[in-house]
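Reading the structure
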Amino acid sequence: MAKYSEVVGGVRAAFMSGRSRTVEWRRQQLTALLKLVEEQKAGLNNVLKQDLNKPEAEAFMMEVNFVRNELVYTLNHLSDWVKPEKVKKNLVVMMDDAYIKREPYGVVLILGAWNYPIQLTLGPMVGAIAAGNCIVLKPSEVSPKTAQFLEAIIPKYLDKECIKVINGGVQETTELLTERFDYIFYTGNPEVAKIVYQAAAKHLTPVTLELGGKSPVFVDNTSDLSVVARRLMWGKFCNSGQTCIAPDYVMCTPDIRDKLCDQFGKTLEKFFGDNPKKF
């Protein structure tokens, strides 16, 4: 318990120093994170392969390049985002300057997900850094190789005092949640989300919970069933089906049910062949 208090306290002291508030620091850290993603692409792909058996193309498109694109977009717009936003004035404040100035929350806890352990761990970091926050990052222990890689590589690129990586399982996460944070970002399942929310409530800490949900599909009899089957099977089986917005169930008109099921079978055979286990 004490070790986490010391870590969080150190990160809070770094935030209170004010250096993460500057636009220069934010840009420097985002640029360093972009450098990490570009230079360590092979290493990231390797640990994704070890943890989840992700094909290189899928790892690049759904994880590594996803984060890279977000970084490039953020760097291109950061200067505009940090500018004060002028607002309309009424008679009472007519002689005053009225504007909205966005301030960082402080120390942010990011609890990463196992199914997209790069996208849903480094992705939230992009916004947190851009907003001027300091970060405690907790990768998912269910993707252990990726978690270990991030713990080893992040301090080599990013500010060691403002951004800390902590690894561990349920016990470590539970202990970590007893600390006070200024914002918590969690991606995962509703049961754990309740625990996160309860811990946050003790300190009135705002929380972002990304929990997925139901993603129904309706197919009517005017659809091109071969196109529908390709799109649905890609969405459902991408990342071995472990995507929170993957198609959850399909509804269709009775007259096309058998034809649609037949197209699903043909599409899967085309995607994976007659022996999917070889993948």
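Summarised in this report is the structure supplied together with it. (Residues numbered from 1 in each chain as written. Predicted model: local features only at pLDDT ≥ 70, side-chain atom pairs only at ≥ 80, totals over all residues. Heavy atoms only, no water.)

1. Structural notes on the environment of T208
Condition: Secondary structure is summarised from DSSP: a helix means a run of H or I of at least four residues, a strand means a run of E of at least two, and numbering begins at the N terminus for each.
Within the element layout of this structure, T208 appears in strand β7 (residues 207–210). On a C-alpha basis, the gap between T208 and Y186 in space is 6.3 Å, while along the polypeptide they are 22 residues apart.

2. A look at the side chain of N239
Rules: Identification of polar contacts relies on pairs of N or O atoms within 3.5 Å, with a donor-acceptor requirement for protein atoms, meaning one able to donate a hydrogen and the other able to accept it, and with residues adjacent in sequence counted only if both atoms are side-chain atoms. By definition, residues are in contact when any of their heavy atoms lie within 4.5 Å.
Here N239 shows up in the loop between α9 (225–237) and β9 (249–252). Looking at N239, its side chain comes within polar contact range of the side chain of K54, at 3.1 Å. In contact with N239, not counting residues within four places along its chain, are K54, E58, N115 and Y116.

3. Here's the deal with α9
This is how it is decided: The span one expects for a helix is its residue count, reduced by one, times 1.5 Å. Categorising residues by exposure relies on relative accessible area from a 1.4 Å probe, with only protein chains included: less than 20% of the type maximum marks a residue as buried, more than 50% marks it as exposed, and the intermediate range marks it as partly exposed. The directions considered for the arc are those from the helix axis to the C-beta atoms.
With 13 residues, α9 extends 18 Å between its outermost C-alpha atoms, agreeing within 8% with the 18 Å of an ideal straight helix rising 1.5 Å per residue. For α9, the full list of buried residues reads L225, V228, A229, L232, M233 and G235. Each buried residue of α9 sits inside an arc of 165 degrees when the element is viewed along its axis, so together they form one side. Just downstream of α9, N239 is the residue with a positive phi angle, here 60 degrees.

4. Here we look at a nonpolar patch on the surface
In plain terms, the rule: By definition, no residue in a patch forms a salt bridge, and every one has over 30% relative accessible area; like charges are joined within 9 Å, nonpolar side chains (Val, Leu, Ile, Met, Phe, Trp, Tyr) within 5 Å. Methods summary: accessible areas were calculated by the Shrake-Rupley approach with a probe of 1.4 Å, and residue burial reflects only the protein chains presented. Any Lys or Arg side-chain nitrogen located within 4 Å of an Asp or Glu carboxyl oxygen qualifies as a salt bridge.
Nonpolar side chains collect at one region of the surface, where F60, M61, W234 and F271 lie side by side and expose about 390 Å² of accessible area between them. With respect to the helices, strands and loops of the structure, F271 is situated in helix α10 (residues 257–272). Among the residues examined, F271 registers a relative accessible area of 33% and is labelled partly exposed.

That is the geometry; function is a separate question.
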